[in-house]
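# Geometric and topological summary
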Amino acid sequence: MDRRTAWRLLIALLLQPATLRAAPAPTILLIESYNADFEWDAGYRAALQARLEPACQLVSFELDTKRLPPERHAAMADQAWALYLKLKPALVILGDDAALSLLAARLAATATPVVYLGINNNPRVYFDPGKVRNITGVLERPLAKRNVALLRKILPAARRVLFLFDTSMTSTVIYHEIFQQTPRQQIEGLEVDVKLIDGWRAWQDEILAARGNGYDAIHLGSYQAVHDDGSAPPSAANMLRWSSAHAQVPLFGLWDFFVGADKAVGGLVLEGREQGMAAADIALRILAGARPGSIYPVTAQRGRFVFSRAQLARHHITLPPEIAYQSRLVD
């Protein structure tokens, strides 16, 4: 090889990365309403990572609205917005109602595509779909009334059931949208009471008094926002375990991470993973060129039967065959 040919090869090698360099991975900003340790967030975040990385760079920000008092939520949203301005992401994913309510207006004024997930409310409450064309996503519909129908099959003798929620945005939306702000009603022939509890002491009182108050079962909704009312609550995980240990009637749940040997019996539950998978599918369509406004919002799933073997045994519950064969059993 002569010297001139060697120089030509060297120049070609030096120029090749600049001319043929692969496009950098697009950045996706995930803004979580809650926190990374919350099982719901962990479920959908893992699904997003599995579907989007390494082709995309996923950056997360936690608003932490279940643990922080409401007066700090706006400041957290400002921090998330500052990160958005710094990153200039190719796409934003908003996890749950708090993130959408706090940031929809600002993001709607941009050209950045936005995909929401875990939305319990009607999205129209947060933005006008007729005017906003850069936002779409995945709806979450907790199966409260279907779980009441399920209870009739699992506990045929049941007559009264208590739904317990904290006072978070998720709980308030469910109370408005599913229960129509009616604290006592008849569903599937059962008398159903719905209570939103603010403090840990009041929550303990409801759990301990359930049987004496005539309830045959308790359905737990969101509980992570129960706060200190003079008797400091334990961690969210230990709060669930305490409720299970002290309840004299079976506990049922609306989400998969409620179910376990020292948690709830089970139920027809939703999974964060399914929300993440559905949101990732929409994100990939948008990154491939689809317009967000052309993608109609989807509902991720219809629920799955998940039950704890230990809790079924503890409460002497035998699942009917038509439910048992569809169920996933955990410890």
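In what follows, the accompanying structure is described. From a predicted model like this one, the values you see are computed outputs, not experimental measurements. (Residues numbered from 1 in each chain as written. Predicted model: local features only at pLDDT ≥ 70, side-chain atom pairs only at ≥ 80, totals over all residues. Heavy atoms only, no water.)

## Observations concerning the nonpolar core
Within the largest apolar cluster, 75 residues are counted, with the highest numbers of intra-cluster contacts made by Leu48, Ile93, Phe163, Phe179, Val192, Trp203 and Phe307. Ranked by residues supplied to this core, first place goes to helix α9 (residues 272-287) with six residues. What Ile93 contacts, discounting residues up to four positions off in sequence, is Ile28, Leu29, Leu30, Ile31, Leu48, Leu52, Val115 and Leu117. Counting residues in each nonpolar core, the second largest holds 27 residues, with Phe61, Trp81, Val114 and Ile135 among its members. (Core = buried A, V, L, I, M, F, W, Y, C linked by side-chain atoms within 4.5 Å. Buried < 20%, exposed > 50% of the residue type's maximum accessible area, 1.4 Å probe, protein only. Helix = DSSP H or I, 4+ residues; strand = E, 2+ residues; numbered from the N terminus. Contact = heavy atoms within 4.5 Å.)

## Brief notes about unusual backbone geometry
Cis rather than trans, the peptide bond between Glu53 and Pro54 has omega equal to 5°. Tracing the sequence through the fold places Pro54 in the loop between α2 (39-52) and β2 (57-62). You will see that Asp64, though not glycine, has its phi angle at about 60°, which is positive. In this fold, Asp64 is placed in the loop between β2 and α3 (73-87). On the basis of relative accessibility, which here comes to 13%, the residue Asp64 falls in the buried class. Non-glycine residue Lys88 carries a positive phi angle of around 50°. Here Lys88 is to be found in the loop between α3 and β3 (91-95).

## Observations concerning the pattern of salt bridges
Scanning all chains against the criterion turns up 15 salt bridges. For the salt bridge of Arg67 with Asp64, the shortest nitrogen-to-oxygen distance reads 2.8 Å. Overall, the relative accessible area of 52% leaves Arg67 in the exposed class. Linked through salt bridges whose partners overlap, the residues forming this network are Glu271, Arg273, Glu274, Arg304 and Arg328. (Salt bridge = Lys/Arg side-chain N within 4 Å of Asp/Glu carboxyl O.)

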